[in-house]
Amino acid sequence: MGLSDIQNRVEKEALRVGRDPETVQLIAVSKVQPNARVEMVLQQGQRVFGENRVQEAAGKWPAFKEVYAGVELHLIGPMQSNKVRQAMELFDVIHTVDRPKIAQTIARIKDETGSCPRLYIQVNTGAEPQKAGVLPDEADAFIKMCTELSLPIEGLMCIPPSDQDASTHFALLADIAKRNGLEGLSMGMSGDFEQAIAHGATYVRVGSAIFGERTYEVT
Ligand SMILES: *Cc1c(COP(=O)(O)O)cnc(C)c1O
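Attention in this report is confined to the structure presented alongside it. (Residues numbered from 1 in each chain as written. Predicted model: local features only at pLDDT ≥ 70, side-chain atom pairs only at ≥ 80, totals over all residues. Heavy atoms only, no water.)

## Section: the pairing of strand β5 (residues 118-122)
What counts, and what does not: Whether a residue is buried, partly exposed or exposed follows from its accessible area with a 1.4 Å probe, protein chains only, as a fraction of its type maximum: under 20%, in between, or over 50%, in that order. In DSSP terms, a helix is any run of H or I states spanning at least four residues, a strand is any run of E spanning at least two, and both are numbered starting from the N terminus. Only strands joined by at least two bridges in the DSSP assignment are considered to pair. When the strands point away from the viewer, a crossover counts as right-handed if the path from the first strand over the helix to the second runs clockwise.
Burial of β5 is extensive: 4 of the 5 residues sit out of reach of the surface. As defined by bridge partners, strand β4 (residues 93-97) adjoins β5 across 3 bridges and the pair is classed as parallel. The residue of β5 that forms the bridge with Val97 is Ile121. Once the chain exits β4 it traverses helix α5 (residues 100-113) before rejoining the sheet at β5, and the crossover so formed is right-handed. Relative to strand β6 (residues 153-157), β5 runs parallel, the two sharing 4 bridges. When the bridges of β6 are listed, Gln122 appears paired with Met157.

## Overview of the pattern of salt bridges
Here is the rule: For salt bridges, the criterion is a side-chain nitrogen of Lys or Arg within 4 Å of an Asp or Glu carboxyl oxygen.
Overall, the coordinates contain 11 salt bridges when judged by the stated rule. In this structure, the salt-bridge partner of Arg85 is Glu112, at a minimum N-O distance of 3.0 Å. Taken together, the residues span a long stretch of sequence, with Arg85 in helix α4 (residues 84-90) and Glu112 in helix α5 at a distance of 27 residues. Linking Arg99 and Asp98 is a salt bridge whose minimum nitrogen-to-oxygen distance equals 2.9 Å. Residue classification places Arg99 among the partly exposed positions, given a relative accessible area of 31%. Looking at Asp98, the relative accessible area reads 10%, which means it is buried.

## What to know about the layout of surface pockets
Heads up, the rule is: Only protein atoms enter the 1 Å grid, on which a cavity is a set of points fitting a 1.4 Å probe that cannot get out and a pocket is an open set with protein on both sides within 12 Å along at least 5 of 7 lines, lining residues being those with an atom within 4 Å of a point. Grid points are joined across faces, edges and corners, and a volume is the space filled by probe spheres set on the points. Any residue outside Ala, Val, Leu, Ile, Met, Phe, Trp, Tyr, Cys, Pro, Asp, Glu, Lys and Arg is labelled polar, Gly included; the first ten of those are nonpolar and the last four are charged.
In this structure, the second largest pocket encloses a volume near 310 Å³. Around the second largest pocket, the lining residues are Gln7, Val10, Glu11, Pro21, Glu22, Val24, Gln25, Leu26, Gly45, Gln46, Arg47 and Val48. Contributions of two or more residues to the lining of the second largest pocket are made by α1 (3-16) and β1 (25-29). For the lining of the second largest pocket, the leading source of residues is α1, giving 3 residues. In terms of residue class, the lining of the second largest pocket is made up of 5 nonpolar, 4 polar and 3 charged.

Written out as structure tokens, the structure reads:
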């Protein structure tokens, strides 16, 4: 448990599977964690953080950013279209581009402001009805649409079904990325980040294993 332990495990797994550890970035998922815990991890030198709600991130990160230089913020939760502008201002990377309307809204704001976060497309690899993301069958067409909108798509993201072996889903995501020429793979959480690294993850998103259990449920 804790940041340095997770950093060590990330490095060790990367080396074990013959990858350069520098190619795996650790996102510390700070959603709903008390500010004191987040600050502790900032003081240990971590600068890459993930949040799953625009509103929560807007309330907590501007103040931290004034004190700690070089913070990079990642949006890893679903985005409503009326929050896109705010999300694009606040986040360096958005992992949850998941439908045409969101892609079109991002493209419009990008054209208007001349700037855009790096983007990941979320794929619903388990085709779970309650989960966000494009279906695996629709991924190629959606990636093509985003490319035609000139969006800076860096890779794909998934959250495997909690009751299944994550490896199959990581392999599927890696496959879709590869055939579409995308290099970024945002996959792996506290319970399965090592498996994700073995399947090529370039970003792992780890929350509770760094910060401790979240003290209240995320809705
Ligand atoms: C909360 C969350 C994580 C981190 O989950 P842990 O199990 O606490 O590591 C990773 N990815 C997404 C999309 C999340 O919402």
